[in-house]
Amino acid sequence: MKTKTYVHNLSRIAWAYVFLLIDFSMSVNDFSINVLPGWVGFLLIFLALPSVEEQEPSASLLRPLVILLGLWEVIRWVGTLVTGSVFDIPLLTLILSALSMYFHFQFLTNLSSIARTHGLLEDSEKLLHLRTGLTLFTALVTILYFLNLLELFQGVFLGLFLLGAILCTSWAIWTVFHYRNAEKALLPAEEA
Amino acid sequence: MTNLWSFLLQTLEVSWTALFLLILKRLLADKLSPHWQYGVWGVLFLRLLIPAGAFGRYLLTFPAAALQTAKETAEASLSSVFCDPSSPVQVIVGIPWLSGAPKSATDWLFVLYLAGVLFCLARYFLSYVFLRLLLRRGRPVSERQQKQITDVCSRYGLTPCRAVILNGIPSAFVCGVFSPVLVLPEKGADDKILLHELLHLHSMDAFQSILWSVCRSIHWCNPFLQYVFNRIGNDMESLCDQRVLELLEGEERRKYGEILLDMTNDRYPRAPGTTSLSNGGRNIRRRIVAITRFQKYPKGTALVSVCITLTLLPALLTGISAMPLPSGDTFPSSFNTAGAHLVRCTTAAGAVDTYAKGLMAQNSAWLTAASPSQEQTQVDELVQELRQKNLFFNGDYYLYNPVPCKGRRWQALLVFPTSCLYDENGMPETVYNQEHSAEETAWGYHVFPVTIFQENKNRWVVAAEDGHQQFLMEDTFPPCRYGSEDLPSCQTTVEGETGTFLASLQLIYTIQPETASGGNSSFFESINAGGTTFLPPDRNAEFSWAFYYQTFQWTAKDQSAVSASCSKVRMNVSFPDAYTADYEVDENPGAPAWNGTLLTGGGSSFGGTITEPELPPSADFRITIFFDDVLQESVTLHGKEWLYENENLCS
């Protein structure tokens, strides 16, 4: 039963990453709205966290970060919705970027550790690689953002950058869903 | 830092950085290792070295603007030698020095601060010297103790140093950087204490403590930073504890904690270039709690620690936000003016956009931001003049005829169409409209001669020349973005053998409006000034589009001679660049209507994103005169010759 709950929450986590990594904004009557808001992702993770903590107690350290990051996503989403332009407080964005980077790093490390405990060595390695790749890419984007270099990206460089972002996002979502499916496959037939 | 204000700005920016790091460390206290908890202070060290505002950005802009306001208010009535009242607060280097003899009260305050720095440095130096002198009274360690030190070093791969025993000290410490000495108390020291001190030596913590002491001296009068430097020292000790615990196993770790517990009430030597196991009772209690929670952080943690630190570097070292352009509404005018002095228009077009909109909105802050630093009085007078004359603007403006001068300077005309011109008595100018058979309000232009130049790195400014002019429009609705016969053009005249050549050029630039993301921005951000609406100034604007109109005229020196000598006189204007087609015109000189002149011309646009005003390709041209298709004379002019270094060409 515990394992089934864990697999169920892994689905939440997988979908959480869809909301966290994909920004699908639409303009409606001069207002901009992200139909895949990040705060939904953090909400899903918050709901799934107790199940992760059962498997990996150190994951409890992430709880306050999830709450902080989720609240900030709510504020940004509402602010963007109301003002029509990206709502941002640079100093706060910086501190939350650092927290977000740590959160995803540690969270994926915890998932990897659980996967290893369950004998899913391949998925454990993939999660570690994802953790590393995502951390490096996020660090690069954040550094470029605060150096005001992102706006200089044009033409081929912009295309390459966007391609990299799409690949990273796809890789992350695929890896987490693959891990979810692997855990599901471990369940006894009657529980699955 | 050469004056009180530059020190205040520097210590303020460093304080914000320190506060930011404290908050981040608090949030990641139990998540990242003591290696990161101490290592991240390296960002603060770099921040201490980099001058505040060096990159035109600040961590928080409001305090910088408030400081500038305080400076201008205080220095207005003082005659400081160290700073100019209206110039922006600037930090050249992060260390203070005296640039002259003090005169005003703020000068003397800075001298007092400098004296404090020297006093602190002297105190640290003397305490170190005193300690070294004290060490001379120490005696060498016994053979047993020397063997103990050697064993610890070989067990943990550390390098030993000279060791002495000194009476009256409560715990061991290391003193010195280039010739370090391990000082032991009379009773000797446990292996774990030796390990702790030797790890300090191995990590060059004594050298780091000297650097922090220098920084502490420079910011001696900032109590918050003094607290931060104390925290840095404690983090250094916590890191050393972590290193010790990583080398010890099981029960040894518990015993290490017990050793610390015994030192809770001990005094400890405090001098730069020294390290000590003990750092005060309260700190030791904290360290003991950390020891009970000791964990070995996995290798991967180093990656995220480094990435987080690298992410912080650009923002904390170079600042986050440039000083925003004051709106002129929210705060008292002195605050807006001071804030405007800190604004940088980073492009020529940005300076023009800010200045032009400052004129239209009669906004002193915008005009100040785009004006040279020393011309605050002229800005105030200009605003006064605008208000007295009650000028009306339609909300558009154009840059006419930017003529390059020496260096990166251009003389130009700022042209503002207006649907209502007023005469000297303040009455609207009128013009008779034949179509409507009535007097109507006259359309016209307000024209301001200006000079655009780069005052210093990353700051473009616009200086107003004397003589605001008004021009009536002949047509009621001309599109002056394509030029206007009512407005001046650049001209040059060349006397040739066959006649006089006259070339004129009207060059019109428009500037890219600030792009807004999202439709609501125009609603929230547009400026309403006297019935006109336009977007706020863009300090980083680029020239978006340029149009030029040229005319070429040849007037025969002897019309009758020309009429007698040929049946066709032709003028050809050719351009060296391949994209501009030749202009041609011909006349029958024998025709009664011919007035001895050939006239031709045309215009075109060029655009994309233009960084600085430039001449159109067709500024270089050749005019050739033919009589009956026989070449008579040819004149070649290069734009840089007939426009460059020829001021007042535009009439």
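Provided above is the structure to which this section pertains.
Residues numbered from 1 in each chain as written. Chains lettered and ligands numbered in written order. Predicted model: local features only at pLDDT ≥ 70, side-chain atom pairs only at ≥ 80, totals over all residues. Heavy atoms only, no water.

J.: Please clarify how the overall build of chain B should be interpreted in this entry.
T.: Regarding its fold elements, chain B presents 19 helices and 24 strands. Nonlocal contacts in chain B, meaning residues at least 24 apart in sequence, comprise 70% of its contacts between residues at least 6 apart. Summed over its atoms, the accessible surface of chain B is roughly 29,800 Å², and 54% of this surface lies on carbon and sulfur atoms. (Helix = DSSP H or I, 4+ residues; strand = E, 2+ residues; numbered from the N terminus. Contact = heavy atoms within 4.5 Å. Areas by Shrake-Rupley, 256 points an atom, 1.4 Å probe, with all protein chains shown as cover.)

J.: Whenever I open this one, the interface of chain A and chain B confuses me. Can you help?
T.: By a frequent convention, interface size equals the accessible area lost on bringing the separate parts together. Of the residues lining the interface, 28 residues belong to chain A; the matching set on chain B comes to 30 residues. Carbon and sulfur atoms supply 79% of the area that chain A and chain B bury against each other, a total of about 2,500 Å² over both sides. Among the residues of chain A in contact with chain B, Leu91, Leu94 and Tyr102 of chain A are the three that bury the most area, contributing 22% of the side total. Run the count over chain A and chain B and you get zero salt bridges. (Buried area = accessible area lost by both parts, 1.4 Å probe. Salt bridge = Lys/Arg side-chain N within 4 Å of Asp/Glu carboxyl O.)

J.: Can you help me understand the nonpolar core in this one?
T.: Taken as a class, soluble globular proteins show a tendency for nonpolar side chains to be buried jointly. Within the largest apolar cluster, 92 residues are counted, with the highest numbers of intra-cluster contacts made by Leu414 and Trp554 of chain B. Domain assignment of the residues forming this core places at least three in each of domain 1 (4–314) and domain 2 (344–651) of chain B. (Core = buried A, V, L, I, M, F, W, Y, C linked by side-chain atoms within 4.5 Å. Buried < 20%, exposed > 50% of the residue type's maximum accessible area, 1.4 Å probe, protein only. Domains from an automatic or database assignment.)

J.: Honestly, a nonpolar patch on the surface in this entry has me stumped. Any pointers?
T.: Side chains of Val156, Phe157, Leu160, Leu163 and Leu167 of chain A sit close together on the surface and give an oily, nonpolar patch of about 560 Å² of accessible area. Counting through the fold element by element, Leu163 of chain A comes out in helix H6 (residues 155–186). (Patch = residues over 30% accessible without salt bridge, like charges linked within 9 Å, V, L, I, M, F, W, Y side chains within 5 Å.)

J.: Hey, could you run me through the packing of helix H4 (residues 90–117) of chain A against helix H1 (residues 4–27) of chain B in this one?
T.: Angle between the axes and distance between the axes are the two parameters that describe a pair of packed helices. For the pair H4 of chain A and H1 of chain B, the least separation of the axes is 11 Å and the interaxial angle reads 30 degrees. When the interaxial angle is binned, H4 of chain A and H1 of chain B end up roughly parallel. Classified by chirality, the crossing of H1 of chain B by H4 of chain A is right-handed. On the side of H4 of chain A, the interface is formed by Leu91, Leu94, Ile95, Ala98 and Leu99 of chain A, while H1 of chain B contributes Phe20, Ile23, Leu24 and Leu27 of chain B. Each residue belonging to the contact of H4 of chain A with H1 of chain B can be placed in one class, and the counts come to nine nonpolar, no polar and no charged. (Axes fitted to C-alpha atoms, helices over the stretch in contact; angles between N-to-C directions. Parallel < 35°, antiparallel > 145°, perpendicular 65-115°, else oblique. Left-handed = near helix turned anticlockwise from the far one by under 90°. Nonpolar A, V, L, I, M, F, W, Y, C, P; charged D, E, K, R; others polar.)

J.: Can you help me understand the sheet that holds strand E20 (residues 569–574) of chain B in this one?
T.: Backbone hydrogen bonds are what pair the strands of a sheet, in a parallel or an antiparallel way. Residues and elements named next belong to chain B. With antiparallel pairing, the four strands of this open sheet are ordered in space as E21-E20-E23-E24. Two strands in the sheet have a free side with no partner beyond their single neighbour: strand E21 (583–587) and strand E24 (630–637). Strand-to-strand, the axes of this sheet are offset by a mean angle of 15 degrees, without reference to chain direction. Pairing analysis gives five bridges linking E20 to E21, with the strands arranged antiparallel. Each bridged residue has a counterpart across the sheet, and for Val573 the counterpart in E21 is Tyr583. (Pairing = 2+ DSSP bridges.)

J.: Quick question: what am I supposed to make of the side chain of Arg180 of chain A here?
T.: In this fold, Arg180 of chain A is placed in helix H6. Not counting residues up to four positions away in its chain, the partners in contact with Arg180 of chain A are Val7, Leu10 and Ser11 of chain A.

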